Amino acid sequence: MRIFHHPAERLTEIENRSDVLGVLAYGVADPVRAWCGQAPYLGVALNPHGPPVCEVITGGVVRSGARHDVRYGHDGEWLFAAITVDAAGMIEAAAVAAYERLLRVAEEEGYGCLIRAWQYFPDIHGVEDDLERYRQFNRGRHYALERYLARGGIRPAATCIGTHTGDLMVYLLARRTPGMAIENPRQVSAYRYPQTYGPRPPDFVRAMKVVSEGRHWLWISGTAAIVGHESRAAGDLEAQMTETFANLDLVVASADLGEDWRVAATKIYVRGAGPLSALPRPWAGAPVLVLAGDICRSELVIEIEAVVTAGV
Ligand code: 3EB
């Protein structure tokens, strides 16, 4: 598997490839497009700092298809699947529909182990039926994952970010065999957050570790300035970056990757367009995508996700 960033205006260069599992486009004003050649394509309603860009995930020889509103591609090891669901009202129902269909297709194709999920939807702090839409979303996701968890499925690593337009978009990576869940000793596991953050917790783990192509791969969830279960340094970008990198370092340390690990890719979500200070090492240097979006708690202004690899 490889993840790389490609200028959106040169998308035709990858249309003829047979190894593309999925394409995510940022800052592109064509929300209707669904395919890039044979690969599932998703236009995400988040603007990059810089020109429109695509994130391309490649694997081996990919077979793709569409069913139950889900577009997917798989290569024998990884499944990429994506869905968009209208999210104008009732985000809880949209979350249920998205996750149930994604799980159904993943299982039907033989990739029943969720590894990594991303979810984006508009008006994340809006209120529906007296409950914040992010909390509504968590309730729907929880309901849809209940049976998966009951039969021993492991929660995926995840990112959840608010947009200002468009549908609920969920895309994920799944495998035929389970990954290993990694938590952060400095943070309460999200699925054990107290009910002050909503009637049902956000169902994700801090990171998922798998072995692929003879290497360890650590898929780290969107990570923010949260210690225990509480946000730190409300609204302070610099201070939240420091806390966030402390959390990222701890997640990597908890994954037992040895000393010789490197960052394969990062995505940084920032509320507003504020300029970012330089990333600390070893996080600097890897391909990075900076996206403007709403972090799921209103006091949080930055969230960072990453993929880290290491020799076995
Ligand atoms: C947090 O740690 C910050 O709801 O899927 C980060 C990553 C966050 C994923 C999700 C939420 C999610 O609670 C927010």
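Everything discussed here concerns the structure shown above.
All of the points below concern the structure found in this document. Bear in mind the structure is a predicted one, so any value in this text is a computation, not a measurement.

**A short note on the sheet that holds strand 5 (residues 47-48)**
Taken together, the 7 strands give an open sheet; going across it, the order is 5-21-20-23-17-16-15, and neighbouring strands pair in mixed fashion. Of all the strands in the sheet, the pair left with one neighbour each is strand 5 and strand 15 (180-182).

**Brief notes about empty space enclosed by the protein**
Leftover empty space is mapped by rolling, across the atoms, a probe with the size of a water molecule. What the rule picks out here adds up to 1 cavity of 30 Å³ or more. Taken as a whole, the largest cavity encloses approximately 110 Å³ of empty space. As for the largest cavity, its lining consists of 14 residues, of which Glu55, Trp118, Lys267, Glu305 and Val307 are closest to the centre. Listed by contribution, the elements that provide at least two residues to the lining of the largest cavity are strand 1 (2-7), strand 6 (53-58), strand 10 (113-122), strand 17 (215-223), strand 20 (261-270) and strand 23 (302-311).

**Details of the nonpolar core**
By size, the foremost hydrophobic cluster in this structure holds 42 residues, and its most contacted members are Tyr26, Tyr120, Tyr171 and Trp219. With residues up to four places along the chain from it excluded, the contact list for tyrosine 171 reads Leu24, Tyr26, Leu42, Glu55, Phe80, Ala81, Ala82, Arg116, Ala117, Trp118, Tyr120 and Lys267. Counting 32 residues, the second-largest nonpolar core is a separate cluster that includes Val70, Leu103, Leu114 and Phe121.

**With respect to the pattern of salt bridges**
This structure, assessed with the given rule, holds 18 salt bridges. With a closest N to O distance of 2.7 Å, glutamate 108 and arginine 67 form a salt bridge. Highlighted residues: glutamate 108 in helix 2 (residues 91-108) and arginine 67 in strand 7 (residues 63-67), separated in sequence by 41 residues. Glutamate 108 gets classed as partly exposed once you look at its relative accessible area, which sits at 43%. Arginine 67 sits in the partly exposed class, given a relative accessible area of 26%. Put simply, glutamate 108 and arginine 104 hold a salt bridge, and the shortest N to O gap is 3.4 Å. Of this pair, glutamate 108 and arginine 104 both sit in helix 2, 4 residues apart, which is roughly one turn of that helix. Connected through shared salt-bridge partners, Glu55, Arg116, Lys267 and Glu305 make up one network.

Each value, and the rule that gives it
- Residues numbered from 1 in each chain as written.
- Predicted model: local features only at pLDDT ≥ 70, side-chain atom pairs only at ≥ 80, totals over all residues.
- Heavy atoms only, no water.
- Pairing = 2+ DSSP bridges.
- Helix = DSSP H or I, 4+ residues; strand = E, 2+ residues; numbered from the N terminus.
- 1 Å grid on protein atoms, 1.4 Å probe; cavity = no way out; pocket = protein on both sides within 12 Å on 5 of 7 lines; lining within 4 Å.
- Points joined across faces, edges and corners; volume = space filled by probe spheres on them.
- Core = buried A, V, L, I, M, F, W, Y, C linked by side-chain atoms within 4.5 Å.
- Buried < 20%, exposed > 50% of the residue type's maximum accessible area, 1.4 Å probe, protein only.
- Contact = heavy atoms within 4.5 Å.
- Salt bridge = Lys/Arg side-chain N within 4 Å of Asp/Glu carboxyl O.

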